[in-house]
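# Structure at a glance
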Amino acid sequence: QVQLVESGGGLVQPGGSLTLSCAASESLFSFNYMNWYRQVPGKERELVATLTSDGTTNYADPVKGRFTISRDNAKNTLYLQMNSLKVEDTAVYFCNTKRRFITRVDQYWGQGTQVTVSS
């Protein structure tokens, strides 16, 4: 079973920066998609950023130009660099990875890390 462990969340002032990390128990090369989601109470989980196995990145409109998703293959770690943080970025952030097979997609989730943007 794949394990994903997030870290790096915390309290930051508006305009500040944080870097989230997601350490995987297996090589990142084994995943077709690596994602960061976020969720606030009472709302659905929202896809924030995606990194595919060929290096393609995609971002949700609210975070474009401010967030950067990246990976360190040697450390089996996925990152989310968050700059110019806004109050509305406050959420629990989850790491997610997916393996695509012919007849199914397997996905794995981390436990989440809280990010609070407040003055």
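Heads up: the structure comes first, above all this text.
Scope of this entry: the structure provided in the associated data block. (Residues numbered from 1 in each chain as written. Predicted model: local features only at pLDDT ≥ 70, side-chain atom pairs only at ≥ 80, totals over all residues. Heavy atoms only, no water.)

## Describing the pairing of strand E9 (residues 91-100)
Of all 10 residues that make up E9, 8 are buried, and the element is covered over most of its length. Where strand E4 (residues 33-39) and E9 come together, 7 bridges link them in antiparallel fashion. Residue Gln39 lies in a different strand from E9, and its bridge partner there is Val92. Where E9 meets strand E10 (residues 105-109), 5 bridges bridge the pair, whose relative direction is antiparallel. By the bridge assignment for E10, Thr97 is matched with Tyr108. (Buried < 20%, exposed > 50% of the residue type's maximum accessible area, 1.4 Å probe, protein only. Helix = DSSP H or I, 4+ residues; strand = E, 2+ residues; numbered from the N terminus. Pairing = 2+ DSSP bridges.)

## Remarks on the pairing of strand E8 (residues 77-82)
Of all 6 residues that make up E8, 5 are buried, and the element is covered over most of its length. Pairing of strand E3 (residues 18-24) with E8, which is carried by 6 bridges, proceeds in the antiparallel orientation. When the bridges of E8 are listed, Ser21 appears paired with Tyr79. Once strand E7 (residues 67-72) ends, the chain turns through 4 residues before running back antiparallel as E8, passing Asn76 with a positive phi of about 50°.

## Some words on the nonpolar core
Nonpolar side chains tend toward joint burial in soluble globular proteins. Core analysis: the largest hydrophobic core is formed by 28 residues, its most contacted members being Trp36, Phe67, Leu78, Leu80, Met82 and Tyr93. Secondary-structure elements contributing two or more residues to this core are E3, E4, strand E5 (46-52), E7, E8, E9 and strand E11 (113-117). Ranked by residues supplied to this core, first place goes to E3 with 4 residues. Leave out the neighbours within four places in its chain, and Leu80 touches Leu18, Thr19, Leu20, Trp36, Val48, Ala49, Phe67, Thr68, Ile69 and Tyr93. (Core = buried A, V, L, I, M, F, W, Y, C linked by side-chain atoms within 4.5 Å. Contact = heavy atoms within 4.5 Å.)

## Considering the side chain of Asn35
Structurally, Asn35 can be placed in strand E4. By relative accessible area, which is 3% here, Asn35 ends up buried. One polar contact links Asn35 to Thr50, side chain to side chain, over a distance of 2.8 Å. (Polar contact = N/O pair within 3.5 Å; in protein donor to acceptor, adjacent residues only side chain to side chain.)

## Concerning the pattern of salt bridges
Summed over all chains, the structure comprises 6 salt bridges. We note a salt bridge from Glu46 to Arg38, for which the minimum N-O separation is 2.8 Å. Lys64 is the salt-bridge partner of Asp61, the closest N and O atoms lying 3.0 Å from each other. Taken together, the salt bridges that share partners define one network made up of Arg38, Glu46, Arg66 and Asp89. (Salt bridge = Lys/Arg side-chain N within 4 Å of Asp/Glu carboxyl O.)

## A word on the environment of Asp89
You can see Asp89 is positioned in the loop between E8 and E9. On a C-alpha basis, the gap between Asp89 and Ser21 in space is 17 Å, while along the polypeptide they are 68 residues apart. Filtering out sequence-adjacent residues up to four positions away, Asp89 remains in contact with Arg38, Arg66, Phe67, Ser84, Val115 and Val117. Here Arg38 takes part through its side chain, which lies 2.9 Å from a polar atom of the side chain of Asp89. A distance of 2.8 Å separates a polar side-chain atom of Asp89 from the backbone nitrogen of Lys86.

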